[in-house]
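Architecture at a glance
Okay, here's what each chain looks like letter by letter:
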Amino acid sequence: MQILSLLSIATAVSALTASDYLWPLPKSVVDKNKSIAIGGFTVTSNLGAAPIAAAVASLNTAFTAKGGKASSTKFKVTANVDPNNGWSVSGPSNLPGANEAYTLDITETGATITAPNQIGIKYALQSLSQLITKDGKLVLAKIDDKPAFPYRGFMLDTARNFFTVADIKRILDGLAASKLNVFHWHIYDSQSFPIVWDRYPVVHQKAAFKNKDGSFKAYTKKDVQDIVQYAFERNIRVIPEFETPGHNAVLGHIDASLISSWNHSPWDGNSFANNAMCSNQTVPVNSVTNDCVGGVAWWGRQYCNQPPCGQLDVRQEKALVVLDQLIQDIGSWFSDPVLHVGHDEVNTRAYGLVPDNWDSVPADALTPLMRNFDSRLVGMLNGKTLAAWDEIATDFGSDDLIPKDSLITLWQGPSADKVKIIAAKGFKNIVLAPSDSYYLDCSPSARWCSSDFERNFPADKYDIPGYATFSGQWHNWTLIYDFEPLAGLSTAEAATIKGGFGALWTETVKRHNVDRYIFPRVAAIAERYWSNIKRNDATATRLDRFRSSLVNEKGIAAADLSYLGNKEGVVYRTEYCDGAGLTAPGQKTGECCFAGQKMTDSNGGPLLNPYGSHFDPKVNGDYCAIAALYKTNDLVYTKPAPVAYQY
């Protein structure tokens, strides 16, 4: 892998153009080579004030943050929608497919914005806010702009660790400033169910995390609808993910029989033995052999990809009924026409479809079960468009049952190879979140999706005696920016790519550091899919100024561009590990060593020879032990101190 310079920003900036102020870079910028003093803004629109109120407020905040001095002489902004465009954006359901174009012409006497709808008006006001200099002047320019891709997003996992409504709104503010337009909400998982579901209140009562005062960390219907509306006001769709059938342990609180392998202990299987002849592989059914008798089965023996285990037993009618109720009840809270149904990491062993002493898994072992399930699932969506992770198109033999206009969210690689396979099956809508580029949690705390270079540079690592820690870095912003979404694709294959998104799985992320895990790296994704340009010598300088806006104008504790995600001090775990979770049976592990894992078994015993990578199977180890070193409820968001704008 090429070693990239992480940051090269001059301390003095000269010969600035209007483009130097803008992120993401517009399609066309004509610099008028002049800036003028202004006394603030007055905005009028044929839309009225309400639809663009949030964008106008952001404009005024930017003026104040950049040293603007208010006076009675306001700079006039006229922002009008073409009344003949025929497109109404009156609510969240109108956002998909809407025209996002706008023009912005700034002269000495005022600014004129035109757009087909309110979406473009809001984007133009964002661009206008960026053209304010550090001393409160306004750069004159003409912009003609529209995005290169219609889907530009970010996924947040609120199941491994909980984030408040205020946290989510702050994140949405940053996404809007970046001109990202999709918030993919991975709202629940096996670790927690942070939703107040009136039909089955026992689920959040048993499976939501708790605040210091004992109250539940759970979103109500009002909370969800508030977030959906807040996002809409910022041009952002909210697509909920109803993860199924994997990662469904929490539904066992309704009825334990709904879930296969619920809380299986150890979650990664009893994998210690006397030889290392086995390996994790997927092979055709006629090639599977019982080759792991007496051997080390390694990763192939796990019942889930992280604790606690539990998959919806889709062979049972009552399990399908509960899933249907979940989709109908909670799904109705969301206005977007797309509903995501997960389908990643479905575990064959959890359904008892292979013997425990088999490390290898037949490639088609899940096919009969999943074909029946997916045919039923499609009928539960009530006209909504299905979205799912890429396994639904490649792994289960049910792709012929899935509508070809479904949204396939691709996380596995190599990206181009997967796209070719999925496109060849007739799927028309693919969005990219390759784990080796866009998974924002990949770091020394979660190394499975890191490259060899990322695992070894820099060499320093956390000093936590008795726990496994590793060197390295996260996906830095240059690596993220340089990913080429259409590389290696034919014209027809490229046409299936509708965009991409950054994903933050939060096993190792808490409220105090979530901002820096997201920003400004997700803004690199934003520019690639809005502008579709390559990184150059000016990119870092522009991104650094944009980071200053995130900090000063949005209260986002964004990381410095040079930060590599390797100074967090400790490896955090999901809130499932707090309290009783520290020693819960479902978190017991047979294999060592994940980042942050205690390197002795539950009784303090050593790792066993000859490999030094497995615990005594009669005792096992504790995946959650490191959670004793911190208190999640003490790790809260802190508003960042202001930072200087470079120019």
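Being a predicted model, the structure only gives us computed values, none of them experimental.

A separate point is the overall build of the protein chain. Along the backbone of the protein chain there are 16 helices and 20 strands. Radius of gyration (C-alpha) of the protein chain: 25 Å, near the 26 Å computed for a compact globule of 647 residues. Expressed along its principal axes, the backbone C-alpha trace of the protein chain runs to roughly 80 × 55 × 50 Å. Looking at the protein chain as a whole, 59% of its 647 residues qualify as buried. Accessible surface, the protein chain as shown: approximately 23700 Å² in total, 52% of it carbon and sulfur. Here the protein chain carries 60 positive and 65 negative side-chain charges, and the mean point of each set is 6 Å from the other.

The subject of this paragraph is the nonpolar core. Counting residues in each nonpolar core, the largest one holds 126 residues, and the members touching the most others are Phe154, Leu175, Phe183, Trp185, Phe193 and Phe334. Other than its neighbours up to four places away in sequence, Phe154 contacts Ile171, Leu175, Val182, Phe183, His184, Leu440, Phe501, Gly502, Leu504, Ile518 and Val522.

Further remarks concern the layout of surface pockets. Approximately 570 Å³ is the volume attributed to the second largest pocket. Along its surface, the second largest pocket is lined by 27 residues, and Lys206, Phe209, Tyr576, Asp578 and Gly581 are the ones closest to its centre. Split by residue class, the lining of the second largest pocket holds 11 nonpolar, 11 polar and 5 charged.

What follows concerns the sheet that holds strand E6 (residues 137-145). Taken in spatial order, the 6 strands of this open sheet run E1-E6-E4-E5-E3-E2, and their pairing is mixed. Of all strands in the sheet, those with a lone pairing partner are strand E1 (28-37) and strand E2 (41-45), marking the two edges. Geometrically, the sheet is characterised by an average inter-axis angle of 20° between neighbouring strands, direction not taken into account. Two strands pair when backbone bridges link them, and E2 and strand E3 (residues 75-81) are joined in this way by 5 bridges, in the parallel orientation. Bridged to Phe41 within E3 is Phe75. Docked against the sheet, helix H2 (residues 118-130) engages E2, E3, strand E4 (102-107), strand E5 (110-115) and E6, running at close to 40° with respect to E4.

A residue-level look at the protein chain finds 91% of positions with pLDDT of 70 or above and a mean pLDDT of 92. When pLDDT is averaged over each helix and strand of the protein chain, the minimum, 38, is found for strand E11 (residues 282-283) and the maximum, 99, for strand E8 (residues 182-186). Within the model, pLDDT remains below 50 along residues 1-12, and this stretch shows 26 contacts once partners closer than five positions in the same chain are excluded.

What the rule picks out here adds up to 4 disulfides. Shown here is the disulfide that connects Cys442 with Cys449, its sulfur atoms set 1.6 Å apart. The disulfide joining Cys442 to Cys449 has a torsion of about -105° about its S-S bond and is therefore left-handed. Taking relative accessible area as the criterion, Cys442 reaches 0% and is therefore assigned buried. One disulfide bridge connects Cys577 with Cys624, the sulfur atoms lying 2.1 Å from each other. Taking the torsion about the sulfur-sulfur bond, which here is approximately -60°, the covalent link between Cys577 and Cys624 counts as left-handed. Taken together, the residues Cys577 in the loop between helix H16 (539-554) and strand E19 (588-589) and Cys624 in the segment after strand E20 (621-622) connect sequence positions 47 residues apart.

Residue placement: Gly488 occurs in the loop between helix H12 (477-482) and helix H13 (491-494). In the structure, Gly488 is positioned 73 residues away from Ser415 in sequence and 9.4 Å away in space, judged by C-alpha atoms. Once residues lying within four places of it in the same chain are set aside, the contact partners of Gly488 are Lys420 and Glu493.

This part covers the pairing of E8. Regular strands place side chains that alternate from one sheet face to the opposite one. Extensive coverage of E8 is indicated by the burial of 5 of its 5 residues. Burial along E8 is two-sided: the face carrying Val182, His184 and His186 and the face carrying Phe183 and Trp185 are both buried. One ladder, built from 5 bridges, connects strand E7 (residues 151-157) with E8; its direction is parallel. Each residue of the ladder has a partner; that of Phe154, found in E8, is Phe183. Between E7 and its parallel partner E8, the chain crosses via helix H3 (residues 165-177), and the hand of that crossover is right-handed. In terms of strand pairing, E8 meets strand E9 (residues 237-244) through 5 bridges, oriented parallel. Following the sheet pairing, His186 is matched in E9 by Glu241.

Below, the discussion takes up the packing of aromatic side chains. Applying the stated criterion to the full structure yields 33 aromatic pairs. Ring centres of Phe183 and Trp185 lie 5.8 Å apart, and the angle between their planes is 35°; this geometry places the pair in the tilted category. Taken individually, Phe183 and Trp185 each receive the classification buried, so the pair is uniform in this respect. Summarising the aromatic geometry, the rings of Trp411 and Trp448 are spaced 6.1 Å apart at their centres and angled 80° between planes, so their arrangement reads as edge-to-face. Within this pair, whereas Trp411 is found in the loop between strand E16 (407-410) and helix H9 (415-424), its partner Trp448 is found in the loop between helix H10 (435-438) and helix H11 (452-456), the two being separated by 37 residues in sequence. Aromatic rings pair up to connect Phe162, Phe183, Trp185, Tyr188, Phe193, Trp197, Tyr200, Tyr219, Phe242 and Phe334 into one cluster. A cation over an aromatic ring shows up here: Lys179 above the ring of Trp530, its NZ or CZ 5.9 Å from the ring centre. The lysine or arginine in question, Arg535, covers the ring of Trp477, its NZ or CZ lying 5.9 Å from the ring centre.

Relative to E6, E1 runs antiparallel, the two being bridged by 7 bridges. The residue of E6 that forms the bridge with Asp31 is Ala141. The pairing of E4 with E6 spans 4 bridges and is classified as antiparallel. Within E6, the position partnered with Thr103 by the bridge is Asp144.

Attention now goes to the packing of helix H1 (residues 53-65) against H2. Where H1 meets H2, the axes come as close as 9 Å, and the angle between the chain directions of the two elements is 0°. Regarding the angle of H1 to H2, the classification is roughly parallel. Touching Ala55, Val56, Leu59 and Ala62 of H1 are Lys122, Leu125, Leu128 and Ser129, all from H2. The residue inventory of the contact of H1 with H2, partitioned by class, reads 6 nonpolar, 1 polar and 1 charged.

Rolling a probe over the atoms, with the probe sized like a water molecule, indicates the empty space that remains. The full count for this structure, using the stated rule, is 4 cavities of 30 Å³ or more. The calculated volume of the largest cavity comes to roughly 80 Å³. Residue lining of the largest cavity: Ser190, His247, Tyr303, Cys304, Asn305, Gln306, Pro308, Cys309, Gly310, Gln311 and Glu345, and that is the complete set. The residue inventory of the lining of the largest cavity, partitioned by class, reads 4 nonpolar, 6 polar and 1 charged. Considering only residue class, the lining of the second largest cavity consists of 7 nonpolar, 1 polar and 3 charged.

Here is what the cut-offs are and how they apply
Residues numbered from 1 in each chain as written. Predicted model: local features only at pLDDT ≥ 70, side-chain atom pairs only at ≥ 80, totals over all residues. Heavy atoms only, no water. Helix = DSSP H or I, 4+ residues; strand = E, 2+ residues; numbered from the N terminus. Rg over C-alpha atoms; globule rule 2.2 N^0.38 Å. Buried < 20%, exposed > 50% of the residue type's maximum accessible area, 1.4 Å probe, protein only. Areas by Shrake-Rupley, 256 points an atom, 1.4 Å probe, with all protein chains shown as cover. Lys, Arg positive; Asp, Glu negative; His and termini not counted. Charge placed at Lys NZ, Arg CZ, Asp CG, Glu CD. Core = buried A, V, L, I, M, F, W, Y, C linked by side-chain atoms within 4.5 Å. Contact = heavy atoms within 4.5 Å. 1 Å grid on protein atoms, 1.4 Å probe; cavity = no way out; pocket = protein on both sides within 12 Å on 5 of 7 lines; lining within 4 Å. Points joined across faces, edges and corners; volume = space filled by probe spheres on them. Nonpolar A, V, L, I, M, F, W, Y, C, P; charged D, E, K, R; others polar. Pairing = 2+ DSSP bridges. Axes fitted to C-alpha atoms, helices over the stretch in contact; angles between N-to-C directions. pLDDT = per-residue confidence, 0-100. Disulfide = S-S within 2.5 Å. Right-handed = clockwise from strand over helix to strand, strands pointing away. Phe/Tyr/Trp six-rings, centres within 6.5 Å; stacked < 30°, edge-to-face > 60°. Lys NZ or Arg CZ within 6 Å of the ring centre and 35° of its normal. Parallel < 35°, antiparallel > 145°, perpendicular 65-115°, else oblique.

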